[in-house]
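Each chain is listed here by its residues.
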Amino acid sequence: MHLHSKSVTYDLDEHWSQVQGLLRTEFDDTAYRTWLAPLDLIGLEGDRVLLGVPTRFLRDWVAAHYADRIRALWRCVNPRVCGIALTVKPGSSVRPAGVAATAPTLLGPAPAPCDAAPQPLDGDIGAPLDPRFTFDNFVVGKSNNLAFAAARRVAAPEPPFNPLFLYGGVGLGKTHLMHAIAWQIRAQNPRRKVVYLSAEKFMYQFIKALRFKDTMSFKELFRSADVLMVDDVQFIGGKESTQEEFFHTFNALADRGRQIVVSSDRSPAELTGLEERIRSRLGWGLVADIQPTTYELRLGILQSKAQEFVREARVPDNVLAFLAHRITSNVRELEGALNRVVAQAILVGRAITLEMAQDVLRDLLRAHERRVTIEDIQKLVAEHYRIRIADMHSARRARAVARPRQVAMYLAKQLTPRSLPEIGRKFGGRDHTTVMHAIRKIEELRSTDPVLSEDIEALRRLLQG
Ligand code: ADP
Ligand code: MG
């Protein structure tokens, strides 16, 4: 890390006390003492101010809640400062192997230059890697084990497939896995050039190169990569010239046996904005998906995260189980919920209990609660299987209507608090034993029929929004 000379540092100290003064007037005393007072000025790194924090938890919390404000105040005090970076001070926290002690969490729009005008290419085309995103910190379960194994394989010498295409919904760990691949490759062989960047940044770099009539060096930069990772390629769709350039870069690298990893929120076939030849090219290697999380995985992730701040607060098992049950959307939200609970505990010095967690997360839980009714289920299932809603109530026993009806009963039992007799009544006055039989039948089929199982999961997700 390059720190600036003494005189600049002196000004910097001065500026930092001004920023601290402003922060103190803006935030109440408890918040200031808890979150902001522990920050230490380390120095300048390029056009960013580097601040030290004593723990990872504090770093994440400050990053999420105060970083924008701190950055804004710095810019008021010294307009040359473009951003801030928070780093856990060496020795104060567990660090993943192979990651430098000072690897900072870069905050804010990392690639954005200070002024709006693009600057010439500088050789640093990649985006920074998050030190928390390692294989060690990734919890593996049924929904992500394929993607995890594939990522591990790509990080090892001579991967048997190229490219690796990772896809899955937001917040399920795609970026985490890509960073983990990069960390591992760098740790094994620091000479290998790993370039990780978002598809948006790829486009930004390309447009910048066009502006400076410098597409040659753009090509050279990317084509010198041993491993190229492009995150969220769904954003490349539509922009013809960048699609073209992406495709050429991709082919040039693949032809030289360089490894490529891409991620997307959907499968190659579903990348409709992309030209057909690019889509099919992306699917040539291994396509690995990350499925929505299961309860076990959510619990596992929470346990591992809770372990990280065990020194700051202890989270009881029943609270972890509660969160794993209730926050089912994605891992990012799950982490956010846990952070809120822990922060509250530290901030007001309150022990973490189930009641306390419910209280702190009231708004979040309400959003997740969205009551599903039997009518909603009947309507959606009928639409899905293209039968009439009336068939949910009718006495027809043909498989084409009976099976969807059973699926609807099964979902009604899973997603609503209704009893078996109540469900029976809503399905044309059927007996509760019929409902029970339907549920058993579907449970049995789910274990042998993956298509049905997927259908049901998809329906469940739609219903629970
Ligand atoms: P995506 O890129 O798929 O939208 P991210 O990789 O950004 O998702 O993951 C969102 C957050 O959830 C990150 O903080 C990441 O570390 C965490 N996360 C996701 N999956 C896992 C997992 N299996 N184990 C541990 N943390 C996870
Ligand atoms: Mg991502």
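Just so it is clear, the model here is predicted, and its values are computed rather than measured. (Residues numbered from 1 in each chain as written. Chains lettered and ligands numbered in written order. Predicted model: local features only at pLDDT ≥ 70, side-chain atom pairs only at ≥ 80, totals over all residues. Heavy atoms only, no water.)

**A short note on the overall build of the protein chain**
Then step 1. Of regular secondary structure, the protein chain possesses 20 helices and nine strands.
Then step 2. The 465 residues of the protein chain split such that 47% are buried.
Then step 3. Expressed as a percentage of contacts within the protein chain between residues at least 6 apart in sequence, the contacts between residues at least 24 apart total 73%.
Then step 4. By element, 52% of the accessible surface of the protein chain is carried by carbon and sulfur atoms, the whole surface being about 22800 Å². (Helix = DSSP H or I, 4+ residues; strand = E, 2+ residues; numbered from the N terminus. Buried < 20%, exposed > 50% of the residue type's maximum accessible area, 1.4 Å probe, protein only. Contact = heavy atoms within 4.5 Å. Areas by Shrake-Rupley, 256 points an atom, 1.4 Å probe, with all protein chains shown as cover.)

**Examining the packing of aromatic side chains**
Then step 1. With the rule as written, the count across this model stands at eleven aromatic pairs.
Then step 2. Of note, R152 hangs over the ring of F135, and the distance from its end group to the ring centre comes to 5.2 Å. (Phe/Tyr/Trp six-rings, centres within 6.5 Å; stacked < 30°, edge-to-face > 60°. Lys NZ or Arg CZ within 6 Å of the ring centre and 35° of its normal.)

**Structural notes on helix α3 (residues 56–65)**
Then step 1. Across the ten residues that make up α3, a large majority, seven, are buried.
Then step 2. Restricting attention to buried positions, one finds in α3 the residues R56, F57, L58, R59, D60, W61 and V62.

**Observations concerning unusual backbone geometry**
Then step 1. Following N162, the chain continues into P163 via a peptide bond in cis, with omega recorded as 0°.
Then step 2. Considering the arrangement of structural elements, one finds P163 in the loop between α5 (145–155) and β5 (164–168).
Then step 3. We note that K213 has phi near 50°; this positive angle belongs to a residue other than glycine.
Then step 4. With respect to the helices and strands, K213 occurs in the loop between α7 (199–211) and α8 (215–223).
Then step 5. Residue K213 is classed as exposed on the basis of its relative accessible area, which comes to 75%.
Then step 6. Phi is positive for R386, close to 50°, though the residue is something other than glycine.

**Some words on the nonpolar core**
Then step 1. Counting residues in hydrophobic clusters, the biggest one holds 53 residues, and the most contacted among them are W35, L39, L51, I70, W74, L323 and I352.
Then step 2. Tallying contributions element by element places helix α13 (residues 331–348) first for this core, with seven residues.
Then step 3. Looking at which domains feed residues into this core, each of domain 1 (6–107) and domain 3 (295–367) supplies at least three.
Then step 4. Grouped together as the second largest cluster of nonpolar side chains are 28 residues, V372, V401, M409 and L415 included. (Core = buried A, V, L, I, M, F, W, Y, C linked by side-chain atoms within 4.5 Å. Domains from an automatic or database assignment.)

**Considering the site of ligand 1**
Then step 1. Close to ligand 1 lie 18 residues; V139, G171, K174, T175 and H176 are nearest.
Then step 2. Residue V139 places a main-chain N or O atom 2.8 Å away from a nitrogen atom belonging to ligand 1.
Then step 3. Here an oxygen atom of ligand 1 and a backbone polar atom of L172 are 3.3 Å apart.
Then step 4. For ligand 1, the accessible surface in isolation is 560 Å², of which the surrounding protein chains cover 94%.
Then step 5. Elements with a minimum of two residues in the shell around ligand 1: α6 (174–188), α11 (295–308) and α13.
Then step 6. Residues belonging to the shell around ligand 1 are distributed by class as follows: seven nonpolar, seven polar and four charged. (Near = heavy atom within 4 Å. Polar contact = N/O pair within 3.5 Å; in protein donor to acceptor, adjacent residues only side chain to side chain. Nonpolar A, V, L, I, M, F, W, Y, C, P; charged D, E, K, R; others polar.)

**Comments concerning the pairing of strand β3 (residues 83–88)**
Then step 1. Of all six residues in β3, six are buried; the element is thus mostly enclosed.
Then step 2. The two faces of β3 match: G83, A85 and T87 on one face and I84, L86 and V88 on the other face are all buried.

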